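# Structure at a glance
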Amino acid sequence: MTMIPRERVPYSAIVDRPKMKLPDDGKIIVWTIVNLEVWDISKPMARQVIPAPTGAVLLPDVANWSWHEYGMRVGFWRFHELYQKLGIKPTLSINARVCEDYPRVAQACLDAGWEFMGHSYQQGPIHLEPDQPAMIKRSLDVIEKFTGKRPVGWLGPGLTQTNETPDHLAAAGVKYIGDWVYDEEPTEIQTEHGPLITIPYTVENNDIPMMAVQHHEASYWTQKCIDTFDRLYQEGSDRPRVMAIAIHPYISGQPFRIKYLEEVYKHMAKHTGVMHWNGEQILDWYQTARKTAK
């Protein structure tokens, strides 16, 4: 029987749960997610930075396709340089088709030790997929063939999912998802094929809603990330929290925005007890820490 979200997980107040501990007196987990996508030129673009002159979307939409393409050609490499310098290995939320259309980019991520997380085959709402299980299997198969390892995590494109999606993901062997942005700790949701762990992704410290949708300046996004970090770091002395940062190379990889991303990490580097973990590391910690939580 298909379940709606509330039926998959009971309400839980964070203050009522046993407290989990991080190793080495850690206070906060920072989960960095780099999103890499393929925008099919034959379809409407996933985002638009410039509207059509008449207001009607016409195909092909070369202008907005090129905007995204810039991120893969140029913006991504600013991310790559930054994380190499910092020694951080992000989670890569990747359309599987990136491995086929942009193997140079995918290989750089693999060589750098980034975690590959499933993100559909190509960018588009899951609601429009005619066969979700087939799409999920194809996505995981392509990534596994490229990397030699099957992904354990999943993020829906645009955080889209239907009521059936968690069941399909669990059936395919996925262990954690980022689509449920409702907490600051991992949680467990029920599916027809066993539990799925949710890891706190973000729609707030995410450059698409902040800059592409709400049109805030990059400096505002930076301050928002720093303010989030400061509060969670403070609260982490009592109960460790997870803070996600979600970025896209065609947005934060722009030359006029990259320094604002760099400023976030400069601020965090001034603090001790900060764990820069990928999704699989957070999953492993949660599965162990909750057994000994008090």
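Before reading on, note that the structure itself is shown above.
Here we summarise the structure given alongside this text. (Residues numbered from 1 in each chain as written. Predicted model: local features only at pLDDT ≥ 70, side-chain atom pairs only at ≥ 80, totals over all residues. Heavy atoms only, no water.)

Now for the pattern of salt bridges. Counted under the stated rule, the structure contains 18 salt bridges. In this structure, Glu235 engages Arg241 in a salt bridge whose closest nitrogen and oxygen atoms are separated by 3.4 Å. Residue Glu235 is classed as partly exposed on the basis of its relative accessible area of 25%. Classification of Arg241 by relative accessible area gives buried; the value is 12%. It is possible to trace a salt-bridge network through shared partners that takes in Arg17, Asp183, Glu185 and Arg239. (Salt bridge = Lys/Arg side-chain N within 4 Å of Asp/Glu carboxyl O. Buried < 20%, exposed > 50% of the residue type's maximum accessible area, 1.4 Å probe, protein only.)

Our focus in this paragraph is the packing of aromatic side chains. Aromatic rings in a pair are described by how distant their centres are and how their planes are angled relative to each other. Under the criterion given, the structure shown has 12 aromatic pairs. Between Arg138 and the ring centre of Tyr121, over which it is positioned, the NZ or CZ distance is 3.7 Å. (Phe/Tyr/Trp six-rings, centres within 6.5 Å; stacked < 30°, edge-to-face > 60°. Lys NZ or Arg CZ within 6 Å of the ring centre and 35° of its normal.)

This part covers the packing of helix 8 (residues 218–235) against helix 9 (residues 258–268). Where helix 8 meets helix 9, the axes come as close as 9 Å, and the angle between the chain directions of the two elements is 20°. Classified by the angle between their axes, helix 8 and helix 9 sit roughly parallel to one another. Here helix 8 and helix 9 pass one another in a crossing that is right-handed. Facing Ala218, Ser219, Trp221, Thr222, Cys225, Ile226, Phe229 and Asp230 of helix 8, the residues of helix 9 in contact are Tyr260, Leu261, Glu263, Val264, His267 and Met268. Here the residues of the contact of helix 8 with helix 9 are counted per class, giving nine nonpolar, three polar and two charged. (Axes fitted to C-alpha atoms, helices over the stretch in contact; angles between N-to-C directions. Helix = DSSP H or I, 4+ residues; strand = E, 2+ residues; numbered from the N terminus. Parallel < 35°, antiparallel > 145°, perpendicular 65-115°, else oblique. Left-handed = near helix turned anticlockwise from the far one by under 90°. Contact = heavy atoms within 4.5 Å. Nonpolar A, V, L, I, M, F, W, Y, C, P; charged D, E, K, R; others polar.)

What follows deals with helix 10 (residues 279–292). Taking 1.5 Å per residue as the helical rise, helix 10 with its 14 residues ought to reach 20 Å, and the 20 Å between its terminal C-alpha atoms agrees with that figure. Of all the positions in helix 10, only Gly279, Ile282, Leu283, Trp285, Tyr286 and Ala289 are classed as buried. Structurally, the start of helix 10 carries an N-cap: the backbone nitrogen of Glu280 is 3.1 Å from a side-chain oxygen of Asn278. (Expected span 1.5 Å × (residues − 1). Polar contact = N/O pair within 3.5 Å; in protein donor to acceptor, adjacent residues only side chain to side chain.)

Before going further, it helps to spend a moment on the environment of Val62. Its place among the elements puts Val62 in helix 2 (residues 62–86). Here the alpha-carbon distance between Val62 and Ile41, two residues 21 residues apart in the chain, equals 7.4 Å.

So, about the environment of Ile208. Structurally, Ile208 is set in helix 7 (residues 207–213). With a relative accessible area of 5%, Ile208 lands in the buried category. Here the alpha-carbon distance between Ile208 and Arg47, two residues 161 residues apart in the chain, equals 9.0 Å. If sequence neighbours within four positions are ignored, Ile208 has contacts with Arg47, Val213, His248, Tyr250 and Ile251.

Note that Glu115 resides in strand 3 (residues 115–118). One buried charged residue, Glu115, remains without a salt bridge, the closest side chain of opposite sign being Lys149 at 6.7 Å. A polar atom in the side chain of Glu115 sits 2.5 Å from the side chain of Thr91. Here the side chain of Glu115 touches Gly279 through a polar contact of 2.8 Å, landing on its backbone nitrogen. For Glu115, the residues in contact, after removing those within four places along its chain, are Pro90, Thr91, Leu92, Val152, Tyr176, Asn278, Gly279 and Glu280. (Lys, Arg positive; Asp, Glu negative; His and termini not counted.)

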